[in-house]
Amino acid sequence: MARKIFIAGNWKMNTTLESGAALVAGLKETLAGIDTVEFGAFVPACYLGATAANAAGSNFQVGAQNMYFEPKGAFTAEISGDMIKDCGATMVLLGHSERRHIFGETDELINTKVQKALADGLQVILAIGELLEERKAGETNAVNERQLRKGLAGVTAEQMATITIAYEPVWAIGTGEVATPDQAQEAHAYVRSILADMFGAEVADATRIQYGGSMNPGNVENLLAQPDVDGGLIGGASLKVEDFTALITAGVAEAAK
Ligand code: 13P
């Protein structure tokens with residue numbers, strides 16, 4: 001089964017109302033008419049509505065960087081899946097390493113969010129990945145397996161159609177140290193084997209696995225050429241129209257192969 005390449009930006013806590021609008025305006029122009037690759041960005045919550053409005057009428061998909069699992073109530077500073085949809089956004093990123101390691105989110109908490117986001121009809125990108133010390137200790141596969149099994153607990157094979165996995169080795173995030181294409185492929189193949197064990201070969205074959213961690217116009221081609229790398233989740237290089245356009249153009253070239 002051919003998986004459609006999916007390139008997503010993660011703007012993190014970086015854009016302003018003005019710079020985000022300029023990014024979308026620029027990308028709408030450079031990416032007009034591209035439909036062989038899916039693309040979009042996870043934007044700061046306060047700009048979800050404005051970004052979705054700016055992206056309207058284009059293929060640029062807009063998502064939130066996090067959400068809470070309760071529908072409403074006394075949860076100061078949190079946002080719900082319904083709020084995300086109300087803003088016109090369609091996706092949510094869950095389990096990012098910064099949420100796990102800076103804000104202490106556990107696999108169990110992430111799983112409740114995954115389940116609620118799916119119930120709310122959002123497209124979910126579940127991020128997983130090992131720390132440098134875990135890689136050095138030979139625990140890469142074990143960490144990814146744990147984060148996958150716990151993060152996707154209770155998810156049905158049918159629901160997997162709206163889930164993308166993002167493999168982001170933490171040591172490669174924002175460091176300029178990218179995983180080699182072989183390292184990425186090895187981890188992605190392992191992730192797919194766990195998905196096959198959990199949901200069956202057909203679901204595993206259809207699920208997209210993005211690579212994230214210092215992906216840029218110089219390394220994207222070799223990463224996307226790997227058989228189990230189905231796109232990217234990009235921080236720094238998603239903040240410049242030229243760089244993000246180059247990543248998607250590389251995806252278009254790979255899709256045409
Ligand atoms: P960088 O592309 O800046 O390394 O960030 C990757 C990332 O964390 C995307 O979610």
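Conventions used here
Residues numbered from 1 in each chain as written. Predicted model: local features only at pLDDT ≥ 70, side-chain atom pairs only at ≥ 80, totals over all residues. Heavy atoms only, no water. Helix = DSSP H or I, 4+ residues; strand = E, 2+ residues; numbered from the N terminus. Buried < 20%, exposed > 50% of the residue type's maximum accessible area, 1.4 Å probe, protein only. Near = heavy atom within 4 Å. Polar contact = N/O pair within 3.5 Å; in protein donor to acceptor, adjacent residues only side chain to side chain. Areas by Shrake-Rupley, 256 points an atom, 1.4 Å probe, with all protein chains shown as cover. Nonpolar A, V, L, I, M, F, W, Y, C, P; charged D, E, K, R; others polar. Contact = heavy atoms within 4.5 Å. pLDDT = per-residue confidence, 0-100.

Residue alanine 77 is not a glycine yet carries a positive backbone phi of 80 degrees. Here alanine 77 shows up in the loop between β3 (60-64) and α3 (81-86). Phi at serine 214 is positive, roughly 60 degrees, even though this residue is not glycine. Judged by relative accessible area, which is 18%, serine 214 ranks as buried.

The subject of this paragraph is the site of the ligand. Contacts to the ligand come from 13 residues, most closely from Lys12, His96, Gly174, Ser214 and Gly236. The side chain of lysine 12 places a nitrogen or oxygen atom 2.8 Å from an oxygen atom of the ligand. Here an oxygen atom of the ligand sits 2.7 Å away from a polar atom, N or O, in the main chain of serine 214. For the ligand, whose accessible area on its own is 310 Å², the fraction buried by protein is 94%. For the shell around the ligand, the per-class residue count stands at 4 nonpolar, 7 polar and 2 charged.

Turning to the environment of leucine 31, a few remarks are in order. Position of leucine 31 among the secondary structure elements: in the loop between α1 (17-30) and β2 (38-43). C-alpha separation for the pair leucine 31 and threonine 156, spaced 125 residues apart in sequence, amounts to 34 Å. Once residues lying within four places of it in the same chain are set aside, the contact partners of leucine 31 are Phe39, Thr245 and Ile248.

Another point: the confidence of the model for the chain. Across the chain, the average pLDDT comes to 97, with 100% of residues at or above 70. When pLDDT is averaged over each element of the chain, strand β4 (residues 91-94) comes out on top at 99 and helix α6 (residues 132-136) at the bottom at 95.

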